[in-house]
Every structure is written in C-alpha cells, then in structure tokens.
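Breakdown of the fold
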Amino acid sequence: MNEFWYLSSVIALLAGVTFLTRALPFMVLGRLADHPLLEHLGRFLPPIVMVLLVIYSFKNDVAFSLDFLPELGCLLLVTALHLAFRQALISIVGGTAMYMLLVQMGVG
Amino acid sequence: MTLSPLNTLVLRTSLPVMFGYLPLGAAFGVLFSELDHHWLYATAMGLFIYAGAGQFLAVGLLANQATLTEMAVATLLINSRHIFYGLSLISRMPNRGWRRLYQIFGLTDETYSLITATSLPADIDRGQFQLRVTAINQLYWLVGCTVGAWLGSQLEFSTDGIAFVLPALFMVLTIEQYKHLRDMRPFVTALAIGLGTLLLISREQMLLIAILLSLSVLMMQYAARRTHKGPEA
C-alpha cells in the first residue's frame, strides 16, 4: 500500500471515529444517556484513559532504571508548571523544551 | 472595513481559542513533520479529523506503526469524553441540516466551552453565532497545523525530543481531569493497571489490554455497588 492510500485511509478512519464520538449523544438522546452504568463509566473512564495514554507514550522507555529519569523529571516539571499557572501552553512548552534540551545534550 | 455586530462578537469571543489553537496546531504540525510525510497531510488531518488530543495521539500511533484497529480504538477512547459531556448542548443548538452536522463535527472542547459559556445579546442570531464560532475555530486550527508542518519540513533545527509534547499534553489533561473529579482512586488504579500491563503482559498491546482491564474493573465496581445498595439504588 503506498503512502497516499495508507494515510488517506488512516485519516478517513480517524475522521469517522471522531465524528461518531461527537454525534453519539445527539443520536442516543436521553434514552441511554442517563443509564447509571454509562454515568459511572463517563465519570471514571476519561481520567483512567488519560493516565494510560501518558504511560503508553513511554511504552518503549518505561523501566526501573536511571535511563527513565529525564522523562520522569520532565513529567514532574509539566505537573508543577500546570499546578502553578494552569495554562496548558506554558506547561506543555516548558516540559517539552526541557526534555529537548536534555536529549540534545545527550542526557536522555 | 466594518464588521457586522455578529462577526465582531464572533471574533472577540473566539480570540482566546486563537491564542490556544495557533501554537497547539503548530506543535502538532512540527511533530507530524517528524514522520516525513508531505505537510499537506497535516492540513488534511486538521480539516477532516479536527481533534487536538486525537491528532497528537495519531502521530504517536503512526510513529509506533500501530494497526488500524488500535488506531480506531485508541481514538474512540480518547474522544470518549465528548460522548459524556455533549449531552447538555442538544437543546441549545437551533441549527438544522448541514449546519447542525458541521457543528457536531466541529464540537471540540474549546468550541463547546465557548458556545455554552457565552451569553448572547437579543439581536444576535444564536444559530449563526454558533456556526461561525465553530468555523473560525477550525480555521485557527488549520492555519496552526499547516504552518507547523510546513515549518517543520523546512527548518534545519534539531527537533530531537519534540515528541514529548504528546505525553506533556496527556499529563495536562490528566491534571485537568483530577481538578474536575477530586478523587485519586481512578488515577491510582490506572497507574497500577497501566504499568502492570506494560511490564508484565505486553508492551506492544499495552493500550488495548489496559483499557479492557480498566473497563472490567469499572464494571465490577459498578455491579458491586448495585448489589450493595440493592436493586433500587
């Protein structure tokens, strides 16, 4: 499969799935939406998914060793910045800049 | 050039989103350019997918050569928050037909919060306002994605380590979730399940397995609570 068809199908797939998640509440309306199980999942699934995505981003790096220290340190920096300023852009740019600095100095 | 009161309001309301979407879109673009595809694909993603976290995730998945199934499930899950908080908008969207479809397509976190948080003067058409805010927000995002991807393909500076924007974004979203929920349990559970899956079961299939495990835990917990409280609870 060449690049064009591969990326086009990925984009079409992700576009479809994303639209589906946005359209779902408008399709099911109140019938299923206030089922207590959905409420329970709606409350607790999003935070769980976010934590899993943080871990997944490092799936090839996570280890109980010093090699993981730069990643861990920069995640803590992101957390500290976000708790201090609560500006997504500052937290993301600050943590990423620090990580790039470390990696390019050969620490990461 | 004079703007109509409607367009003035749309511009003024959407200004904070512009300051967020231009740099965030550009960050996505630069990250995407690391994959060595043409910058037009970044524009296409902003045009057809139009999801901040979803598009960042897509870069990670493409870089990891994830399968199409993994991509679909991961995207479904990261966007699942939309399912749960889109409900309050149903009665507040006067548009019908293609306008309504486009608005649903463009219902990002930021557009949602602008539409729900702005009180309109009586002489402003609510449907037109919502439609134009949705469109101008996507325009900011498209410009950001395109400029970022183009710059990333032109510039010679070393972008080593820039992929960290992805976990940084997820970390920020995690903290926002905590501020909203004020309950540590789901975070501790997710940390245990995520690390456990990664180290003990599978690195490659970590995301899918961990999500299925978490779903089972939540369902068991739900079932336990129901029996505990009795069927009426």
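What comes next is a walk through the structure.

As for unusual backbone geometry
Even without a glycine there, the phi angle at Arg86(A) is positive, about 55 degrees. Following the sequence through the fold, Arg86(A) ends up in the loop between helix H3 (69-85) and helix H4 (88-104). Residue Gln65(B) is not a glycine yet carries a positive backbone phi of 50 degrees. Note on placement: Gln65(B) falls in the loop between helix H3 (52-63) and helix H4 (68-78).

Structural notes on the environment of Phe19(A)
Looking at the secondary structure, you find Phe19(A) in helix H1 (residues 3-33). When residues no more than four places from it in sequence are discounted, the contact partners of Phe19(A) are Leu101(B), Ile104(B) and Phe105(B).

Thoughts on the side chain of Asn137(B)
Residue and element names in this part refer to chain B. Its location among the elements puts Asn-137 in helix H8 (residues 126-154). According to the relative accessible area criterion, Asn-137 is buried, its value standing at 0%. Among all residues touching Asn-137, those that are not within four sequence positions of it are Ser-14, Val-17, Tyr-21, Tyr-50, Thr-111 and Leu-114.

What about the interface of chain A and chain B?
Contacts between the two partners involve 67 residues from chain A, matched on the other side by 87 residues from chain B. At the boundary of chain A with chain B, total buried surface from both sides reaches about 7300 Å², with 78% on carbon and sulfur atoms. Three residues, Arg22(A), Phe26(A) and Tyr56(A), lead the burial of chain A against chain B; their summed loss comes to 11% of the area buried on that side. Across the contact surface, chain A and chain B share one salt bridge. Here chain A and chain B share 12 residue pairs in polar contact (both at pLDDT 80 or more) between them. Of all the secondary-structure elements, those providing two or more residues to the side of chain A that touches chain B are H1, helix H2 (36-57), H3 and H4 of chain A. The class makeup of the residues in the side of chain A that touches chain B is 47 nonpolar, 13 polar and seven charged.

About the criteria used
- Residues numbered from 1 in each chain as written.
- Chains lettered and ligands numbered in written order.
- Predicted model: local features only at pLDDT ≥ 70, side-chain atom pairs only at ≥ 80, totals over all residues.
- Heavy atoms only, no water.
- Helix = DSSP H or I, 4+ residues; strand = E, 2+ residues; numbered from the N terminus.
- Contact = heavy atoms within 4.5 Å.
- Buried < 20%, exposed > 50% of the residue type's maximum accessible area, 1.4 Å probe, protein only.
- Buried area = accessible area lost by both parts, 1.4 Å probe.
- Salt bridge = Lys/Arg side-chain N within 4 Å of Asp/Glu carboxyl O.
- Polar contact = N/O pair within 3.5 Å; in protein donor to acceptor, adjacent residues only side chain to side chain.
- Nonpolar A, V, L, I, M, F, W, Y, C, P; charged D, E, K, R; others polar.

Treat this as a map of the structure, not an account of what it does.
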